[in-house]
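Structure assessment
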Amino acid sequence: MESQTRIQVAGENALIIYFGSVASAAISAHVQHTARLLPELMGPHLIDLIPSYASLLVLFDPLSCEPAQVCHWIEQALEDETSFGDTDGTLVELPVWYSPESGPDLEALATGAGLSVDEVIQLHQATEYRVYAIGFAPGFAYLGEVDARLTTPRLATPRRRVPQGAVAIADRQTAVYPAPSPGGWNLIGLCPTPMFNPHASPSMPVSVGDRVRFTAIDRQQFLDLGGQLPGEIR
Amino acid sequence: MAMVEILHPGLLSLLQDAGRFGQHRFGLTSGGPLDPEAFYWANQLCDNGAHAGSATAIEASIGGLKLRVDAPVRVAVTGGEMPVTINGASAPRWQTLPLQAGDTLELGYSKLGSRCYVAFAGGLQVEPQFGSTATVVREGIGGLRGAALQKGDTIIASTDTGGPCLRLPPARRPHYTHRATLRVVTGYQLEHFSREQQRRFFQSTYEVSERCDRMGYRLLGPPVQSQLDGILSEGICLGAVQIPPDGQPIVLLNDRQTIGGYPKIGSVLSLDLARLAQLMPGDKVNFAEIDMDLAQRILHLYYNFRRTITPDLIAPGFTEE
């Protein structure tokens, strides 16, 4: 795998490691493995890391170390031969109330896919997803990949307001909106589990590299689990 | 203990410290002062010493901030050319200003330079969130309630215990203009821009558009095209120059999203971002290509030089001609 990796300059205090050009569980596992090794190798010279689908952005302190030294640390991490697997992350279960009421795009998505609403709900639960990246907004976890039959492009016109907890699909990705925000993903349900709570520890139920399974619940269970009804979702 | 009361927040006033680091795993951006140089000097002039780069201060954009203190405090205002008044009387920027109980400090509207920093001796006392007090409104994190300062907000400051009155000599102050040359450390997807497109980017003059904020500055000018439609979303560092499909560059700043899928030609040197963030719509921008080695030399030279600058000791109330 080392032969496919490439280190590229990103900025005055940033190098980006490319592990490949496609999203896959194996590549993501390598990203994660490297992200786990670097803090110890770099110590105080490391400012932050941004893992994503097939890359890892390494931010360093340019006043305390040279880029060549950072390259060396990265190479050490890439040469590490400790075995790692794509199922190393924790498995997290997230309940979802799937319905046209809680997921206003559910019926359109089913029609577009040539499936029944129940089939969409079954297929969305059938996959064990991987957290590829966290970004866009605090706590927004990009989960992949959804069953190819559920692949749906983003809405032509994004919504001005997607409610907190909205479970959504865009292309082959799925996610739970951690807070109300504008958004163009297709909404298929609501999840009562808070995805980001700055006052809780940990602040998020998932980390990059974790695995996620969705399980269907009904409206009453959603409310019992602390879910808040967002009112009508336009 | 002194209380700072916001009488009027102006266009946009935010509590900022050095920024939030090590929290990208939650998708949290860095925040922090858009012009770290002016921020640093505001704190230095308040004799905040080792905390000069990190003590919590107010970043005022465009102007209009008005505040009152209920006890003696020492402040300093640096940055863009916003007229400063204390109880209505003109006061200088770039020096220590002792305020008395009941004094009102006001920033007028700037014609040159869009950010000012109001620092307080001892720093403002704000509860950090995720290790920082930096306000990121988009995230609802930091500052007071994760929001911009509002009329009636109160913040705790340190009562004046005496200390030097300092002034940054005029020759050492940043020179704000309506134009900036931004040095770009090339990288990221540079190779996916043809030589011709690269030449266009580095030889054209761009204009700051109306869409400029703490997330990023959108520029207008000759469009630049990459050979890529989009890329797999990846980490975005401070200053990254993103080229969306319309070819109009966006320089990403402190409140940027941490990952994104547009091609990038490289990242602007942090020292030049401080200049960019002082520009207003209609101002002009050029880019200059530099490599990683030169960027390192420039940063080392700058920070070594800055350490040698000592503010002048002045009498309280000193006003230059």
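Anyway, here's the lowdown on the structure attached to this text. The model shown is predicted, which means the values in this text are computed figures rather than measured ones. (Residues numbered from 1 in each chain as written. Chains lettered and ligands numbered in written order. Predicted model: local features only at pLDDT ≥ 70, side-chain atom pairs only at ≥ 80, totals over all residues.)

**Regarding the interface of chain B and chain A**
Across the boundary between the two partners, chain B contributes 32 residues, which contact 37 residues of chain A. Those elements giving two or more residues to the side of chain B that touches chain A turn out to be β16 (234-235) and α4 (292-308) of chain B. In terms of residue count, α4 of chain B provides more of the side of chain B that touches chain A than any other element does, 5 residues in total. Of the residues that constitute the side of chain B that touches chain A, the class distribution is 16 nonpolar, 13 polar and 3 charged. (Contact = placed C-beta atoms within 7 Å. Helix = DSSP H or I, 4+ residues; strand = E, 2+ residues; numbered from the N terminus. Nonpolar A, V, L, I, M, F, W, Y, C, P; charged D, E, K, R; others polar.)

**Points about the environment of Ala-277 of chain B**
Tracing the backbone shows Ala-277 of chain B in the loop between α3 (270-276) and β21 (284-290). Apart from residues no more than four positions distant in its own chain, Ala-277 of chain B is found in contact with Leu-34, Asp-35, Arg-115 and Leu-253 of chain B.

**A look at the packing of helix α1 (residues 25-42) of chain A against helix α2 (residues 67-79) of chain A**
Residues and elements named next belong to chain A. Contact geometry for α1 and α2: axes closest at 9 Å, N-to-C directions at 135 degrees. Taken together, the axis directions place α1 and α2 in an arrangement best described as oblique. Both α1 and α2 take part in a crossing whose hand is right-handed. Contacts between α1 and α2 involve Thr-34, Leu-37, Leu-38, Leu-41 and Met-42 on the former and, on the latter, Trp-73, Gln-76, Ala-77 and Leu-78. The residue inventory of the contact of α1 with α2, partitioned by class, reads 7 nonpolar, 2 polar and no charged. (Axes fitted to C-alpha atoms, helices over the stretch in contact; angles between N-to-C directions. Parallel < 35°, antiparallel > 145°, perpendicular 65-115°, else oblique. Left-handed = near helix turned anticlockwise from the far one by under 90°.)

**Details of α1 of chain A**
Residues and elements named next belong to chain A. Helix length check: α1, at 18 residues, gives a terminal C-alpha distance of 26 Å against a target of 26 Å (1.5 Å per residue), a fit within 8%. Of the positions making up α1, those classed as buried are Ile-27, Ser-28, Ala-29, His-30, Val-31, Gln-32, His-33, Thr-34, Leu-38 and Met-42. Its buried side turned inward, α1 meets β2 (14-18), β3 (46-51), β4 (55-60), α2 and β6 (129-134). Trailing α1 by a residue or two, Gly-43 shows a phi angle of about 55 degrees, which is positive. (Expected span 1.5 Å × (residues − 1). Buried ≥ 20, exposed ≤ 12 C-beta atoms within 10 Å, placed from the backbone.)

**Quick look at the pairing of strand β1 (residues 2-9) of chain B**
Residues and elements named next belong to chain B. Relative to strand β11 (residues 154-157), β1 runs antiparallel, the two sharing 4 bridges. Along β11, the bridge assignment pairs Val-4 with Ile-155. Here β1 runs beside strand β4 (residues 65-69); their pairing, made up of 5 bridges, is antiparallel. Along β4, the bridge assignment pairs Ile-6 with Leu-67. (Pairing = 2+ DSSP bridges.)

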